[in-house]
Amino acid sequence: MTADRRVAVVGLGYVGLPLAVSFAEAGLEVEGIDVSEARVGTIRDGRSPIDDISDERLGSVLSGGLRVSTQGEARVAEADAVFVCVPTPINSTKDPDLGPVLAAAGYLRQHVREGQLLVLQSTTYPGTTMGPFREVLEESGLIAGKDFDLAYAPERVNPGDPASAAREVPRLVGGMTPRAGERAAALLSHINDKVVSVSSPDAAEMAKLLENVFRNVNIAFVNQLALLCERMDLDVWEVIDAAATKPFGFMRFTPGPGVGGHCIPVDPYYLSWRAREFDFVDRFIELAGDINLAMPRHVVDLVAEALNDRGQAIRGAKVGVVGVAFKPNVQDDRNSPAAEVIAGVAGRGGEVRFHDPHVPSFRDADGVVRAGDDLPTLLAWADVILVVTAHRAIDWAALYGTAGLVVDTVNSSAGYDVADRQVLRLGAGWSGASATPEHPARR
Ligand SMILES: NC(=O)c1ccc[n+]([C@@H]2O[C@H](COP(=O)([O-])OP(=O)(O)OC[C@H]3O[C@@H](n4cnc5c(N)ncnc54)[C@H](O)[C@@H]3O)[C@@H](O)[C@H]2O)c1
């Protein structure tokens, strides 16, 4: 078995582009392929569409081992191995939408050649690689495991967190055959210090879902604890900090306005959908989904409550949302809870504007698109500030020094000198001891 040196990466998003860049930096010959001509054009021009890859880093591999192509131009048959990193969304009834994966397989079916290795990297339910992905590829007339090799290797990158993309983070690989697993592991070991092999693509698919369902369930658990703390006149943030001093057997999760992004609100439904095919209802996933999906509504209730404290109704109130990306320090606003929160406030008659240093314009869950304001403009305009995402780049001192009324869903007020009843915190109630008995959730 000669070493594979030429790699194609299909899908150049948050996962595929860093993979292609890392392979090129490791000295491999890489062709990055995307269905979007606009995306290919942007990358070719040396403009990185994602925060984690700088233009400098992209520029140096573009003048080295990375070529970027649209599907029509790509020379897939020249690659020794192809990694598929296309989206795996859910539809409106929260069932898996394998459309992009099957479209990518349909494209590769026309180019796959004997001896190639095909690796699916998109997050998906156990059975995808060996089932529908393989079936479409085999329509080429070639047989997986005999004519070409097939493996699954999930991604662990956490955009906005450079440590998650480090070489030290182990990667998982499950090959259909030992040879497929060994080839995928050998390629990934160019960019990861440790590659862990499991017995099958299905086991690797399930391991990836375990990682993400684990997060989803624990976030739901602390979200529920936050609601309980509001009723019990306790500060959930203090409680979590206290529990987190235990050096073993506890992992810190924090509550918030809901879950967002491409992974946590999506991937668990891949598993619960698949479970139903085995007459199995995954109750943890259903329950966690219920709790997390209800958080944006609770946040809208907190906004109404804060305004009520000032004798004002949410109808007609000016609500200034701070942070709409789905998590801090990224521009990614996919499935952000801010979309439901803003639509919820607007649905109850509030007027909404927002500020986010990373997101210039934002579409709410009702499809209304708003352009962002700068922070001073928002602070001068709003009756109440609603903090959804705590980016480092926000001037928190100005916010807490200026805003008369704040609903804080992420404990961004911690450490600032805030006045009594200036801030209503998710999971903790009003700032200042004097006001606490009147909080309605505590009656
Ligand atoms: N974003 C994350 O943090 C993360 C982390 C781990 C795993 N994942 C998983 O990785 C996969 C990709 O996610 P992402 O965040 O990179 O998505 P993304 O939307 O950022 O990028 C996907 C890219 O694939 C392209 N594409 C779509 N269909 C295609 C096709 N048929 N052929 C070629 N290109 C196509 C799109 O144009 C886009 O550029 C998903 O399964 C996701 O769940 C994502």
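Structure: above.
Residues numbered from 1 in each chain as written. Predicted model: local features only at pLDDT ≥ 70, side-chain atom pairs only at ≥ 80, totals over all residues. Heavy atoms only, no water.

Colleague: What is the right way to look at the layout of surface pockets in this model?
Modeller: Leftover empty space is mapped by rolling, across the atoms, a probe with the size of a water molecule. Of the pockets and cavities examined, the second largest pocket occupies roughly 780 Å³. Residue lining of the second largest pocket: 36 residues in total, with Lys 94, Leu 293, Asn 335, Ser 336 and Glu 340 positioned closest to the centre. No other element matches helix α10 (residues 283-309), which puts seven residues into the lining of the second largest pocket. Residue classes in the lining of the second largest pocket are distributed as 18 nonpolar, nine polar and nine charged. (1 Å grid on protein atoms, 1.4 Å probe; cavity = no way out; pocket = protein on both sides within 12 Å on 5 of 7 lines; lining within 4 Å. Points joined across faces, edges and corners; volume = space filled by probe spheres on them. Helix = DSSP H or I, 4+ residues; strand = E, 2+ residues; numbered from the N terminus. Nonpolar A, V, L, I, M, F, W, Y, C, P; charged D, E, K, R; others polar.)

Colleague: How should the sheet that holds strand β16 (residues 429-430) be read in this particular structure?
Modeller: Sheet strands pair by backbone hydrogen bonding; their relative direction is either parallel or antiparallel. Overall, mixed pairing links the six strands, which are arranged β10-β9-β13-β14-β15-β16 in an open sheet. Every other strand in the sheet has two partners, leaving β10 (351-355) and β16 as the edge strands with one partner each. Relative to strand β14 (residues 406-408), strand β13 (residues 384-387) is paired through three bridges, and the arrangement is parallel. Its bridge partner lying in β14, Leu 386 is registered against Val 407. Contacting β9 (318-322), β10 and β13, helix α11 (residues 337-347) crosses the sheet at an angle of about 150° to β10. (Pairing = 2+ DSSP bridges. Contact = heavy atoms within 4.5 Å. Axes fitted to C-alpha atoms, helices over the stretch in contact; angles between N-to-C directions.)

Colleague: What exactly am I supposed to notice about a nonpolar patch on the surface here?
Modeller: There is a patch of nonpolar side chains on the surface, built from Leu 228, Met 232, Leu 234 and Val 239 and spanning about 320 Å² of accessible area. In this structure, Leu 234 sits in the loop between α7 (201-232) and α8 (236-243). (Patch = residues over 30% accessible without salt bridge, like charges linked within 9 Å, V, L, I, M, F, W, Y side chains within 5 Å. Areas by Shrake-Rupley, 256 points an atom, 1.4 Å probe, with all protein chains shown as cover. Salt bridge = Lys/Arg side-chain N within 4 Å of Asp/Glu carboxyl O.)

Colleague: Would you take a moment to explain the environment of Glu 211 for this structure?
Modeller: Mapped onto the secondary structure, Glu 211 falls in helix α7. Excluding residues within four positions of it along the chain, Glu 211 makes contact with Arg 156 and Leu 172. Only 2.6 Å separates the side chain of Glu 211 from the side chain of Arg 156, close enough to count as a polar contact. (Polar contact = N/O pair within 3.5 Å; in protein donor to acceptor, adjacent residues only side chain to side chain.)

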